[in-house]
Amino acid sequence: MSNDRAGGADPMPGWQATVLTLFPDMFPGPLGHSLLGKAQAGGLWSLDVRDIRDHGIGKHRTVDDTPAGGGPGMVMRADVAAAAIDAVDRAGRPLIYLSPRGRRLDQARVRELAAGPGAALLCGRFEGLDQRVIEARGIEEISLGDFVLAGGEIAAMALLEAVVRLIPGVLGDHASTTEESFTEGLLEYPLYTRPQSFEGLSIPDVLNGGNHSEIAKYRLRLAQEATRTRRPDLWALYEKAREPFEKAHKPFEKDGG
């Protein structure tokens, strides 16, 4: 399984990912294994990895400089980043910069990306990227959460895995992506399989009864409870989304006593 790193090469069919990085040898990494790797080999998606340093300045191909106004570390130059970006034929694909100050990635944005033609991802390093190129190229900033990594490569892999698994045909079973955390605004319900008894703990009886209606109610209740206790932020959004439905289906109440 190979990556197309040659600038200007014809894109592969399927969902197209381009990654701009200072460490191209980190890819495909986990993306080249298991079902995602098979899907790439089968043409359901493609991965084009570009080395930002190819656009570096001078004989040392410099890509960074000291921050204006002083401060620690180095900053990726706007002209270098812009040259790397402009060498990619994005063909309507969004350009995303993995940054801890970006909008937090959620399943809704993942679904939007999976439904599109692909994405171009810029992996940051050093203290960050010159703000001017972010504004000039209309870059979307996305964060995986409230923590800082040494670079954007692992974040890019996580985003790509989340998106690619939703591409039709990658996982095979469509139901496996419709009954999971965040799909309906809830965390996923607990899962069980054989053996029936493990270290004194048994599979809940309702899951063995064959009553699919009761199983669905049971799973929904546990998903709601997990979301309410573990992610009150998600629970608040879930309850807000339910309000119009519940009001529309509230039993009619007569006036008077």
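See the structure printed just above.
Participant: Where do I start with helix 5 (residues 153–164) in this structure?
Facilitator: An α-helix turns once every 3.6 residues. As a result, residues three or four positions apart point the same way. Between its first and last C-alpha atoms helix 5 spans 16 Å; for 12 residues at 1.5 Å apiece the expected length is 16 Å, and the two agree. For helix 5, every residue scored as buried is listed here: Glu-153, Ala-155, Ala-156, Met-157, Leu-159, Leu-160, Val-163 and Val-164.

Participant: For this particular structure, what's the right way to read the sheet that holds strand 6 (residues 118–123)?
Facilitator: Neighbouring strands of a sheet are bound in pairs by backbone hydrogen bonds; such pairs are parallel or else antiparallel. If you walk across this open sheet you meet the five strands as 2-1-6-5-7, and the pairing is parallel. A single partner strand is all that each edge strand has here, and the edge strands are strand 2 (45–51) and strand 7 (140–143). The sheet shows a mean angle of 35° between the axes of neighbouring strands, taken without regard to direction. Bridge count between strand 5 (residues 95–104) and strand 6: four bridges; the pairing is parallel. Looking at strand 6, one finds that Tyr-97 is bridged to Leu-122.

Participant: Whenever I open this one, the pattern of salt bridges confuses me. Can you help?
Facilitator: Side-chain pairing between opposite charges can occur once the charged atoms of the two side chains come close. For the structure shown, the criterion picks out 15 salt bridges. Three or more residues joined by partner-sharing salt bridges are found here, namely Asp-65, Arg-77 and Asp-79.

Participant: Help me understand the environment of Gly-42 in this model?
Facilitator: Note on placement: Gly-42 falls in the loop between helix 1 (34–41) and strand 2. A sequence separation of 28 residues divides Gly-42 from Gly-14, and the C-alpha atoms of the two residues are 9.4 Å apart.

Analysis parameters
Within each chain, residue numbers correspond to sequence positions counted from 1 in written order. pLDDT decides what is reported in this predicted model: residues at 70 or higher carry local features, side-chain atom pairs at 80 or more are listed and counted, and totals for whole chains, interfaces and linings draw on all residues regardless. Excluding hydrogens and water, the side-chain figures rest on all heavy atoms present in the structure. Helical segments are the DSSP runs of H or I of at least four residues, strand segments are the runs of E of at least two, and each set is numbered from the N terminus. Working rule for helices: expected span equals 1.5 Å times residues minus one. A simple rule labels every residue: compare its accessible area, found with a 1.4 Å probe on the protein chains alone, to the largest value its type can have, and call it buried under 20%, exposed over 50%, or partly exposed in between. Strand pairing is assigned whenever DSSP detects at least two bridges linking the two strands. Lines fitted to C-alpha atoms define the axes here, with helix axes fitted over just the stretch in contact, and angles between the N-to-C directions of these axes take values from 0 to 180 degrees. Salt bridges are defined by distance alone: a side-chain nitrogen of Lys or Arg within 4 Å of a carboxyl oxygen of Asp or Glu.

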